[in-house]
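Overview (structure and organization)
Residue-level listing of the chains:
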Amino acid sequence: MRYQVLGPLQIIDCGVARQISAPKMENVLATLLARANQVVSVPQLTLEIWGENPPRRATPAIHVYISQLRKLLSGATPDESPRRVGPIVTSSSGYLLQVRRDDLDCRVFQGLVQRGRAELTARRFTAASVTLSGALDLWRGSAFGQLGNGPIVAGFSDWLEELRLECIEMQIEAELALGHHRELVGRLYRLISEHSLHEVFYAQLMRALFASDRRADALAVYAQAADVLRNELGLEPGLRLRELQRVVLIADSRHRVALAPAV
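1. A short note on the overall build of the chain
Summing up its helical and strand segments, the chain has ten helices and six strands in all. Relative to a compact globule of 263 residues, whose C-alpha radius of gyration would be 18 Å, the chain shows 23 Å and is clearly more extended. Principal-axis analysis of the C-alpha atoms places the extent of the chain at approximately 75 × 40 × 25 Å. Taking all 263 residues of the chain together, the buried fraction comes to 45%.

Structure below.
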């Protein structure tokens, strides 16, 4: 049994996708996956599904959802008895979903990010780019799709999205170090339009443009970043962006900060 949460929630059983029939049951599974191999209490599941205003019979409903999930994850249809021991374990304080590392795509993603980070630090730029690109290829959309109103799933989704941004940053750093400046320009323009407050992408775009002999465009990116940060947050650009602007203005080959990997 494999689980995919880097996009709409999916269950893959022996290569066959299994559908979850009820949205609330899907929320229960999402919560158990966000806390994989950890106990989730009934009050936590209640808050995750219904928020601060649960129905009077919330606890019995959760027991029903868990029972249905047990059948689904054991390979049975809703009208059958479980065919094998399922991965959901009941404890005195709640429920736990047993998941092996390779059976949950976000854990595979996390492992690839860790490996790519180590390769980048060791200046193995080709290996880092390949590893981090593979990590990004696991994503099919926003984490958990449309789920995530409760604190557990929403918090876990936010963490995954931050890790995804870091992965993108590092993969671009590896590509910059390999000299692929021109190829990165279009991608970085798209990234700053999607993440308009993310200074790292502005800095990487300035470096890519500067290395592509587009000094005026690099300075225009700095001006755009400064305007956005002032208007949205009332802040000035950070030290690295200001240093990049200075390097582009003087175009001094002795200042290599514009091209150096940020690791």
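2. Quick word on the sheet that holds strand β4 (residues 39–40)
Taken in spatial order, the three strands make up an open sheet running β4-β6-β5, and their pairing is antiparallel. Looking at which strands have only one partner, the edges of the open sheet turn out to be β4 and β5 (88–91). Summarising the sheet, β4 and strand β6 (residues 94–97) pair through two bridges and their orientation is antiparallel. Along β6, the bridge assignment pairs valine 39 with leucine 96. Against the sheet, helix α1 (residues 23–34) engages β4, β5 and β6, with an angle of about 70° to β6.

3. Re the sheet that holds strand β1 (residues 2–4)
As summarised here, the arrangement of the three strands in space is β1-β2-β3, forming an open sheet in which the pairing is antiparallel. Two strands lie at the open edges of the sheet, namely β1 and β3 (16–18), each paired on one side alone. Strand-to-strand twist of the sheet, defined as the mean angle between neighbouring strand axes without regard to direction, takes the value 35°. Two strands pair when backbone bridges link them, and β1 and strand β2 (residues 10–13) are joined in this way by three bridges, in the antiparallel orientation. The partner of glutamine 4 across the bridge, within β2, is glutamine 10.

4. Some words on the pairing of β2
The turn linking β1 back onto β2 is made up of five residues, and glycine 7 within it adopts a positive phi angle of 140°. Between β2 and β3, which pair antiparallel and follow one another directly, the connecting turn spans two residues, one of which, cysteine 14, has a positive phi of 55°.

5. Section: helix α2 (residues 42–50)
Taken as a whole, α2 has its buried residues at Val42, Leu45, Thr46, Glu48, Ile49 and Trp50. All buried residues of α2 fall inside an arc of 165° around its axis, so they share one side. On its buried face, α2 is in contact with α1, β4, α3 (58–73), β6 and α6 (151–177). Once α2 finishes, glycine 51 follows within two positions and takes phi at roughly 75°, a positive value.

Conventions and cut-offs
Residues numbered from 1 in each chain as written. Predicted model: local features only at pLDDT ≥ 70, side-chain atom pairs only at ≥ 80, totals over all residues. Heavy atoms only, no water. Helix = DSSP H or I, 4+ residues; strand = E, 2+ residues; numbered from the N terminus. Rg over C-alpha atoms; globule rule 2.2 N^0.38 Å. Buried < 20%, exposed > 50% of the residue type's maximum accessible area, 1.4 Å probe, protein only. Pairing = 2+ DSSP bridges. Contact = heavy atoms within 4.5 Å. Axes fitted to C-alpha atoms, helices over the stretch in contact; angles between N-to-C directions. Arc of directions from axis to C-beta.

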